[in-house]
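Residues per chain, in single letters:
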Amino acid sequence: MSDLNQRIEAMYQGDRRGAWLFVIALWVVILFVLFMSWPHIPDQGVRIVVLIAAAAVLIFNTASVGAMLRHYAEDKEFIYGLDIKHLDEMRKGH
């Protein structure tokens with residue numbers, strides 16, 4: 001594997017890790033807020049709406065991050081290759 005391919009793979013894996021950590025943090029925060037606010041929601045209808053809204057946010061955000069990472073995997077040579085090229089030029093002072 002060439003040096004460029006290794007750098008591309010390293011950048012992709014770092015972005016992938018960061019994206020999934022964001023999704024995990026989102027799930028923890030949404031579920032924490034839901035758990036902490038649940039006793040303070042007196043109406044059953046409002047509870048159902050809040051539960052559906054929380055589920056929608058979690059499902060759609062998780063799906064969108066998964067789709068983004070699939071796209072990045074397909075085009076990582078272009079996406080990260082361009083970034084690496086610009087980073088190398090900046091380091092040279094051009």
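Data block above holds the structure.
Note that the structure is a prediction, hence the values are computed from the model and not measured.

Let's shift gears to the packing of helix α1 (residues 3-37) against helix α2 (residues 44-92). Two elements in contact, α1 and α2, have axes whose closest approach is 8 Å; the angle formed by their N-to-C orientations is 160°. Accordingly, the angle class assigned to the pair α1 and α2 is roughly antiparallel. The interaxial crossing formed by α1 with α2 has right-handed handedness. Partitioned by chemical class, the residues of the contact of α1 with α2 number 25 nonpolar, four polar and nine charged.

What follows covers the environment of leucine 26. Topologically, leucine 26 is positioned in helix α1. Linking leucine 26 and isoleucine 48, residues 22 residues apart in sequence, is a C-alpha distance of 20 Å. Setting aside its immediate chain neighbours within four residues, leucine 26 contacts Leu58 and Asn61.

This next bit is on the side chain of lysine 76. With respect to the secondary-structure elements, lysine 76 resides in helix α2. Owing to a relative accessible area of 14%, lysine 76 belongs among the buried residues under this scheme. A polar contact of 2.5 Å, which involves the side chain of lysine 76, links it to the side chain of glutamate 9. Those residues in contact with lysine 76 that sit more than four places away from it in its chain are Ile8, Glu9, Tyr12 and Gly81.

A word on the pattern of salt bridges. Under the criterion given, the structure shown has three salt bridges. The residue aspartate 88 makes a salt bridge to arginine 7 at a minimum N-O spacing of 2.8 Å. Taken together, the residues aspartate 88 in helix α2 and arginine 7 in helix α1 connect sequence positions 81 residues apart. Note that aspartate 88 and arginine 91 form a salt bridge whose closest N and O atoms lie 3.3 Å from each other. Taken together, the positions of aspartate 88 and arginine 91, both in helix α2 and three residues apart, correspond to about one turn of that helix. Each of the salt bridges in this network shares a partner with another, and the network as a whole consists of Arg7, Asp88 and Arg91.

So, on to α2. Three- or four-residue spacings in an α-helix give side chains the same orientation, since the helix completes a turn every 3.6 residues. Between the first and last C-alpha of α2 there are merely 62 Å, a value that for 49 residues lags more than 12% behind the 72 Å anticipated at 1.5 Å per step. At aspartate 75, α2 shows its strongest bend, of approximately 85°. For α2, the full list of buried residues reads Arg47, Ala54, Leu58, Val65, Gly66, Leu69, Lys76, Tyr80, Gly81 and Ile84. Those residues of α2 that are buried lie in contact with α1. Positive backbone phi, approximately 90°, marks glycine 93, located one or two places after α2.

Calculation notes
- All residue numbers refer to position in the chain's written sequence, counted from 1.
- Whole-chain, interface and lining totals are the exception, using all residues; otherwise, since this is a predicted model, local features are given only for residues with pLDDT of at least 70 and side-chain atom pairs are given and counted only at 80 or more.
- With hydrogens and water excluded, all non-hydrogen atoms of the structure serve as input to the side-chain values.
- Here an axis means a line fitted to C-alpha atoms, over the contact stretch when the element is a helix, while the angle between two N-to-C directions is reported on a 0 to 180 degree scale.
- Helix numbers and strand numbers start at the N terminus; a helix is a DSSP run of H or I with at least 4 residues, a strand a run of E with at least 2.
- Any angle between 65 and 115 degrees counts as roughly perpendicular, while under 35 counts as roughly parallel, over 145 as roughly antiparallel, and the rest as oblique.
- A clockwise turn of the near helix away from the far one marks a right-handed crossing, whereas an anticlockwise turn of less than a right angle marks a left-handed crossing.
- Amino acids outside the nonpolar list (Ala, Val, Leu, Ile, Met, Phe, Trp, Tyr, Cys, Pro) and the charged list (Asp, Glu, Lys, Arg) are all regarded as polar, and Gly is one of them.
- Only heavy atoms enter the contact rule, under which two residues are in contact if any of them lie within 4.5 Å.
- Throughout, exposure labels follow a simple rule: accessible area from a 1.4 Å probe, protein chains only, divided by the maximum for the residue type, with under 20% read as buried, over 50% as exposed, and the rest as partly exposed.
- For the purposes of these results, a polar contact is taken to be a pair of N or O atoms within 3.5 Å, where, inside protein, one atom must be able to donate a hydrogen and its partner to accept one; residues adjacent in sequence count only when each atom of the pair is a side-chain atom.
- A side-chain nitrogen of Lys or Arg and a carboxyl oxygen of Asp or Glu constitute a salt bridge if their distance falls within 4 Å.
- Here a helix's expected span is defined as the number of its residues, less one, multiplied by 1.5 Å.
- The angle between axes fitted to the seven-residue stretch ending at a residue and the seven-residue stretch beginning at it gives the bend at that residue.

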